[in-house]
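Structural overview for review
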Amino acid sequence: MSKPMQMVDLKSQYHRIKDEINEAILHVIDQGQFIKGPEVKQFEEGLRNYLDVGHVIACANGTDALQVAMMALSLKPGDEVIVPVFTYIATAEVIGLLGLKPVMVDVEPDMFCIDASKIEEVITPNTKAIVPVHLFGQCANMDAVMMIAQKHGLFVIEDAAQAIGSRYTFEDGKTLSAGCIGDMGTTSFFPSKNLGCYGDGGAIFTNQNEWADRLRMICNHGQKVQYVHDVIGVNSRLDTLQAAILNVKLGELDRYESARNQAATWYDQSLSGLEWLDIPRRRENSTHVFHQYTIKVKDGREKRDAIRSELAKRGIPSMIYYPIPLHQQKAFNTGSYPTGTFPVSEHLCDCVLSLPIHTEMDLEMVKTIAHNLIEVYQDLQ
Ligand SMILES: *Cc1c(COP(=O)(O)O)cnc(C)c1O
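Structure report, in brief. If you're wondering where the values come from, they're calculated on a predicted model, not measured in any experiment.

Calculation criteria
Residues numbered from 1 in each chain as written. Predicted model: local features only at pLDDT ≥ 70, side-chain atom pairs only at ≥ 80, totals over all residues. Heavy atoms only, no water. Helix = DSSP H or I, 4+ residues; strand = E, 2+ residues; numbered from the N terminus. Rg over C-alpha atoms; globule rule 2.2 N^0.38 Å. Buried < 20%, exposed > 50% of the residue type's maximum accessible area, 1.4 Å probe, protein only. Areas by Shrake-Rupley, 256 points an atom, 1.4 Å probe, with all protein chains shown as cover. Lys, Arg positive; Asp, Glu negative; His and termini not counted. Charge placed at Lys NZ, Arg CZ, Asp CG, Glu CD. 1 Å grid on protein atoms, 1.4 Å probe; cavity = no way out; pocket = protein on both sides within 12 Å on 5 of 7 lines; lining within 4 Å. Points joined across faces, edges and corners; volume = space filled by probe spheres on them. Nonpolar A, V, L, I, M, F, W, Y, C, P; charged D, E, K, R; others polar. Domains from an automatic or database assignment. Near = heavy atom within 4 Å. Polar contact = N/O pair within 3.5 Å; in protein donor to acceptor, adjacent residues only side chain to side chain. Core = buried A, V, L, I, M, F, W, Y, C linked by side-chain atoms within 4.5 Å. Salt bridge = Lys/Arg side-chain N within 4 Å of Asp/Glu carboxyl O.

Once that is clear, we can look at the overall build of the protein. Within the protein, the secondary structure is distributed over twelve helices and 14 strands. Taken over the C-alpha trace, the protein has a radius of gyration of 21 Å; the compact-globule value for 381 residues is 21 Å, and the two agree within 12%. Judged by the C-alpha coordinates and their principal axes, the protein covers about 65 × 55 × 40 Å. In the protein, which comprises 381 residues, the share counted as buried stands at 55%. Accessible surface computed for the protein: about 16400 Å², of which carbon and sulfur atoms make up 51%. The averaged location of the 48 negative side-chain charges in the protein is 2 Å from the averaged location of its 35 positive side-chain charges.

Right, dumping it as structure tokens:
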């Protein structure tokens with residue numbers, strides 16, 4: 001192998017757009033407007049058009065985006081917010097941080113997103129919102145989530161940190177972008193995300209003007225007019241340098257999505273038909289932007305972990321997203337969710353393995369990874 005394999009290859013990605021990126025960065029430095037420069041508005045507008053959504057409010061990172069969206073709902077301590085139990089910590093962390101109660105729901109075994117058929121059984125008079133997570137790059141079952149939310153009068157905040165650009169088609173034929181379906185949606189521009197900047201960044205989406213005003217106000221210390229503070233807010237903004245970088249990279253996002261899908265298809269071709277693993281399944285009514293290509297090793301944790309370390313010895317990285325479900329995290333384990341409460345998520349944590357996938361992969365790399373994966377498994381028998 002010419003260069004070491006990586007989960008993501010941001011350096012090669014940069015080299016393809018180096019001149020444009022450098023120029024954009026130098027322009028910001030030359031102008032000197034590092035906060036609230038014109039690039040921020042330009043990016044919000046560009047992304048708004050790309051997603052076809054009413055409003056994009058840029059902020060400091062994807063976790064802030066979730067927190068600000070949650071703050072906008074003006075919930076009171078003890079109010080309940082429904083989250084999938086198999087997700088990144090940030091989704092539930094902000095709920096706990098605001099004194100709200102995360103109520104966990106198991107996920108679909110083959111799609112990794114919240115199992116909508118298990119939502120209604122946890123709804124109580126205190127339930128106020130549902131936070132579906134579009135995990136690994138494809139949308140949750142939004143027909144069901146929106147129907148339940150409407151029926152019970154609940155807010156929906158979508159966590160689209162891993163699914164920017166994914167499109168969901170409803171049963172009635174209507175197609176919307178991930179994050180632009182519920183009351184509000186959030187995303188992250190963390191460097192390794194599908195639309196990544198060169199530091200931290202995030203955004204909130206909404207189609208409703210009132211939410212948009214409120215979100216902007218909360219991101220800006222709760223003020224609409226300078227030094228007049230209507231609510232307790234936060235300081236959360238995307239800096240101008242990051243916006244300038246994102247303006248360039250937004251122009252590449254379609255290409256990034258195709259490159260990731262191409263890599264996923266190559267993986268599918270190399271790995272389908274093996275009885276010891278499951279390749280990721282695509283939902284019929286959602287496009288997949290393959291933030292992760294996650295297989296399931298049916299033999300379970302011990303074999304999965306052994307495969308992972310043997311691959312590492314051969315210079316092939318892989319990751320476990322995620323090793324521990326939320327209800328077994330010390331930060332949340334209040335004793336209300338004993339082991340066995342969420343069998344699907346608990347099982348997934350034992351068998352998922354995410355393989356390298358990024359915008360710079362070629363067929364040779366995928367073949368090498370697949371070949372080694374199969375060989376390592378056979379050696380372990
Ligand atoms: C990355 C991520 C976040 C948080 O984004 P940051 O920008 O790192 O704060 C939230 N939710 C999910 C599902 C993520 O993958």
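Another point: the layout of surface pockets. Reported here for the largest pocket is a volume of approximately 540 Å³. Considering the residues around the largest pocket, the lining is formed by 32 residues, among which Tyr-88, Gln-162, Phe-190, Lys-193 and His-291 are closest to the centre. Among the secondary structure elements, those contributing two or more residues to the lining of the largest pocket are helix H4 (62-72), helix H5 (90-97) and strand E8 (184-188). For the lining of the largest pocket, the residue count by class is 16 nonpolar, 13 polar and three charged. In this structure, the lining of the largest pocket is formed jointly by two domains, domain 1 (10-105 + 113-250) and domain 2 (253-380), each of which donates at least three residues. By volume, the second largest pocket amounts to about 330 Å³. What lines the second largest pocket is a set of 14 residues, and nearest its centre among them are Lys-36, Val-40, Glu-44, Arg-216 and Arg-237. With three residues, helix H3 (residues 38-51) is the single largest residue contributor to the lining of the second largest pocket. Partitioning the lining of the second largest pocket into residue classes produces five nonpolar, four polar and five charged.

A separate point is the site of the ligand. Taken together, Asn-61, Gly-62, Thr-63, Tyr-88, Ala-90, Val-133, Asp-159, Ala-161, Gln-162, Ser-188 and Lys-193 make up the full set of residues near the ligand. One nitrogen or oxygen atom from the side chain of Asn-61 is found 3.5 Å from an oxygen atom belonging to the ligand. Here a nitrogen atom of the ligand sits 2.7 Å away from a polar atom, N or O, in the side chain of Asp-159. For the ligand, the accessible surface in isolation is 390 Å², of which the surrounding protein chains cover 92%. Here the residues of the shell around the ligand sort into four nonpolar, five polar and two charged.

Next up on the list: the nonpolar core. As a rule of thumb, nonpolar side chains are buried together in soluble globular proteins. In this structure, Phe-86, Ile-119 and Leu-373 are the most contacted members of the largest nonpolar core, which totals 99 residues. Counting contributing residues per domain, this core is built from domain 1 (10-105 + 113-250) and domain 2 (253-380), each supplying no fewer than three. Ile-17, Val-40, Val-56 and Leu-238 belong to the second-largest nonpolar core, a separate cluster that totals 27 residues.

This part covers the pattern of salt bridges. Scanning the entire structure with this criterion turns up 19 salt bridges. Between Arg-255 and Glu-252 there is a salt bridge, and its shortest N-O distance comes to 2.9 Å. For Arg-255, a relative accessible area of 30% translates into the label partly exposed. By relative accessible area, which is 15% here, Glu-252 ends up buried. Salt-bridge contacts for Asp-379 lead to Arg-314; the nearest nitrogen and oxygen are separated by 3.3 Å. Here the residue Asp-379 occupies a position in helix H12 (residues 363-380), and Arg-314 occupies one in the loop between helix H10 (301-313) and helix H11 (343-351), the gap between them amounting to 65 residues. For Asp-379, a relative accessible area of 55% puts it in the exposed group. Take Arg-314: its relative accessible area is 27%, and that puts it in the partly exposed class.

Another point: H4. The buried fraction of H4 amounts to ten of the eleven residues, a majority that puts the element mostly inside the structure. Restricting attention to buried positions, one finds in H4 the residues Gly-62, Asp-64, Ala-65, Leu-66, Gln-67, Val-68, Ala-69, Met-70, Met-71 and Ala-72. Measuring from the side-chain oxygen of the N-cap residue of H4 to the backbone nitrogen of Thr-63 gives 3.0 Å; that N-cap residue is Asn-61. Of the residues one or two after H4, Ser-74 is the one with positive phi, at around 50°.

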